[in-house]
Amino acid sequence: MAALKYAGLEDTDSEEELPPGWEERTTKDGWVYYANHLEEKTQWEHPKSGKRKRVAGGLPYGWEQETDENGQVYFVDHINKRTTYLDPRLAFTVEDNPVKPTTRQKYDGNSTAMEILQGRDLSGKLVIITGANSGIGFETAKSLALHGAYVILACRNTSRGNDAVQRILAEWHKAKVEAMTLDLASLQSVQHFAEAFKSKNVPLHILICNAAVFGAPWCLTEDGLESTFQVNHLGHFYLVQLLEDVLRRSSPARVVVVSSESHRFTEIKDSSGKLDFSLLSPSKKEYWAMLAYNRSKLCNILFSNELNRRLSPHGVTSNSVHPGNMMYSSIHRNWWVYTLLFTLARPFTKSM
């Protein structure tokens, strides 16, 4: 008992009663956490019972959730004209009893982005996501924005980018999202995007290089390079170089490069084991869409690994990720054969 008293956890009438100096708070998505004002720390577990809780149901009629300049959630009672940091739903919390995973893997093929970010508060974080108007990019942008991050959707098509912004705002009108034009098939567009972003004088905590083309017919960009190679790899490579100084100043920061397991089914070396540059941006005669995609994804991984080696000492990490073999998106739209194959596989794929 002496130890409990020293820790501020002496016996009270109820195990739910908070010790002196503690306060109960909630995150944007309803998870309860506890603030210790004496030690200036927070934790998810109740300081006495050790339980985790979340609020049940929506806000009462007339109430609205807001966030202050420090990223802390507060509540506005429009009927009685008052504000409070105390969630009115705290009287109706339910105990969270997470089932420990029976395997080493915490998430699986059924997990969603919202589930993975559950309980996290990303207020104050600024994120750029390329190709964020559809597919994996859109789901990532929406999930990050609904957890408090300021998200910039970097899209080739401005109209589709703006439509994506409105779809996110329709789910939460307080979300901080905007669309900016970025065409990775134009190095000049990449440069203009970087300049426009830097003019905002804001940090950059997460850069997600997601945009890609798949199964595209051979064509050259305005820069004279094969389009799949430039859009999937070189455009992102240039973008990261232009924003590297902002990432360093914003540390801890991270770069996430969306690659593919298909990187294993190709090679970019010649018979002597040296890098063959002609394979990266091949002529029309030597071009095969699937191989071009695989090579660009291999370049993604090599780039991410080297970027992490160079920037991690400066507080900027880089990781490449494989989004999953059976993920149904619109990436197959460039050729009807791939569309047919994806359609046949649709019953076995994971939807957005």
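In the annotation of an unreviewed UniProt entry, the entry for the chain reads WW domain-containing oxidoreductase, and the organism field reads Cepphus grylle. For the record of the chain, the UniProt heading Sequence similarities (unreviewed entry) holds the text "Belongs to the short-chain dehydrogenases/reductases (SDR) family."

**Quick look at the overall build of the chain**
Check the secondary structure of the chain and you find nine helices and 14 strands. Contacts in the chain between residues at least 24 apart in sequence constitute 64% of all its contacts with a sequence separation of at least 6. Carbon and sulfur atoms form 53% of the exposed surface of the chain, whose accessible area is close to 19700 Å².

**Some thoughts on empty space enclosed by the protein**
Taking a probe equal in size to a water molecule and rolling it over the atoms shows the remaining empty space. Enumeration over the complete set of coordinates arrives at one cavity of 30 Å³ or more. When its volume is computed, the largest cavity comes out at roughly 40 Å³. Forming the boundary of the largest cavity are Arg25, Thr26, Tyr33, Gln72, Val73, Phe75 and Tyr85. When residues of the lining of the largest cavity are traced back to their parent elements, those giving at least two are β1 (22-26) and β6 (73-77). Here the lining of the largest cavity is built from residues that sort into four nonpolar, two polar and one charged.

**Digging into the pattern of salt bridges**
Under the defined criterion, the tally for this structure stands at 15 salt bridges. Residue Glu23 pairs with Arg25 through a salt bridge whose shortest N-O separation is 3.4 Å. The partner of Glu306 in a salt bridge is Arg310, and the shortest N-O contact between them spans 2.8 Å. Of this pair, Glu306 and Arg310 both sit in helix α8 (residues 289-311), four residues apart, which is roughly one turn of that helix. The class for Arg310 is exposed, based on a relative accessible area of 55%. Three or more residues joined by partner-sharing salt bridges are found here, namely Glu139, Lys142 and Glu171.

**Quick notes on the sheet that holds strand β2 (residues 32-36)**
What the three strands build is an open sheet, ordered β1-β2-β3; its pairing is antiparallel. Each edge of the sheet is formed by a strand with only one pairing partner; in this case those strands are β1 and β3 (41-43). Strand-to-strand twist in this sheet, taken as the mean axis angle between neighbours without regard to direction, amounts to 30 degrees. By the bridge criterion, five bridges tie β1 to β2 in an arrangement that is antiparallel. Note on β2: the bridge partner recorded for Thr26 is Val32.

**Considerations on the pairing of β2**
A large share of β2 lies buried, amounting to five of its five residues. Alternating positions in β2 separate into two faces, Val32, Tyr34 and Asn36 on one and Tyr33 and Ala35 on the other, with burial throughout. With three bridges joining them, β2 and β3 adopt antiparallel strand pairing. Bridged to Tyr34 within β3 is Gln43. In sequence, β2 turns back onto β3 through a hairpin of four residues, with Glu40 there showing a positive phi of about 55 degrees.

**Notes on the packing of aromatic side chains**
Per the stated rule, a full pass over the model turns up four aromatic pairs. With centroids separated by 6.1 Å and ring planes inclined at 70 degrees, the aromatic side chains of Tyr33 and Trp44 adopt a geometry described as edge-to-face. Within this pair, whereas Tyr33 is found in strand β2, its partner Trp44 is found in the loop between β3 and β4 (52-55), the two being separated by 11 residues in sequence. Residue classification places Tyr33 among the buried positions, given a relative accessible area of 16%. The positively charged end of Arg167 is found above the aromatic ring belonging to Phe138, 3.9 Å away from the centroid.

**Some thoughts on the sheet that holds strand β5 (residues 63-67)**
Across the sheet, three strands lie side by side as β5-β6-β7; this open sheet has antiparallel pairing. If you trace the sheet from one side to the other, it starts and ends with β5 and β7 (82-84), each paired once. Across the sheet, the axes of successive neighbouring strands diverge by a mean angle of 30 degrees, strand direction being ignored. Here β6 runs beside β7; their pairing, made up of three bridges, is antiparallel. For Asp77, the partnering residue across the bridge sits in β7 and is Arg82.

**Details of the packing of helix α3 (residues 135-146) against helix α4 (residues 158-171)**
Between two packed helices, what matters for the description is the angle formed by their axes and the separation of those axes. Across the interface, α3 lies against α4 with an axial gap of 10 Å and an inter-helix angle of 40 degrees. In terms of axis orientation, α3 runs oblique to α4. The handedness of the crossing between α3 and α4 is right-handed. Note on element contacts: α4 touches α3 through Ala164, Arg167, Ile168 and Glu171, opposite Phe138, Ala141, Lys142, Ala145 and Leu146. Here the residues of the contact of α3 with α4 are counted per class, giving six nonpolar, no polar and three charged.

**Structural notes on the nonpolar core**
Counting residues in hydrophobic clusters, the biggest one holds 30 residues, and the most contacted among them are Ile128, Phe197, Leu204, Leu207, Leu243 and Val255. Secondary structure elements with two or more residues in this core: β9 (126-130), β10 (150-155), α5 (187-198), β12 (206-209), α6 (227-249), β13 (253-258) and α8. Ranked by residues supplied to this core, first place goes to α6 with seven residues. Not counting residues up to four positions away in its chain, the partners in contact with Phe197 are Leu126, Ile128, Ile152, Met180, Val202, Pro203, Leu204, Leu243 and Val246. In terms of nonpolar packing, the next biggest core, distinct from the first, is built from 24 residues, Leu117, Val165, Trp172 and Val256 among them.

Parameters at a glance
- Residues numbered from 1 in each chain as written.
- Predicted model: local features only at pLDDT ≥ 70, side-chain atom pairs only at ≥ 80, totals over all residues.
- Heavy atoms only, no water.
- UniProt positions renumbered as here; feature names shortened; annotations may be inferred.
- Helix = DSSP H or I, 4+ residues; strand = E, 2+ residues; numbered from the N terminus.
- Contact = heavy atoms within 4.5 Å.
- Areas by Shrake-Rupley, 256 points an atom, 1.4 Å probe, with all protein chains shown as cover.
- 1 Å grid on protein atoms, 1.4 Å probe; cavity = no way out; pocket = protein on both sides within 12 Å on 5 of 7 lines; lining within 4 Å.
- Points joined across faces, edges and corners; volume = space filled by probe spheres on them.
- Nonpolar A, V, L, I, M, F, W, Y, C, P; charged D, E, K, R; others polar.
- Salt bridge = Lys/Arg side-chain N within 4 Å of Asp/Glu carboxyl O.
- Buried < 20%, exposed > 50% of the residue type's maximum accessible area, 1.4 Å probe, protein only.
- Pairing = 2+ DSSP bridges.
- Axes fitted to C-alpha atoms, helices over the stretch in contact; angles between N-to-C directions.
- Phe/Tyr/Trp six-rings, centres within 6.5 Å; stacked < 30°, edge-to-face > 60°.
- Lys NZ or Arg CZ within 6 Å of the ring centre and 35° of its normal.
- Parallel < 35°, antiparallel > 145°, perpendicular 65-115°, else oblique.
- Left-handed = near helix turned anticlockwise from the far one by under 90°.
- Core = buried A, V, L, I, M, F, W, Y, C linked by side-chain atoms within 4.5 Å.

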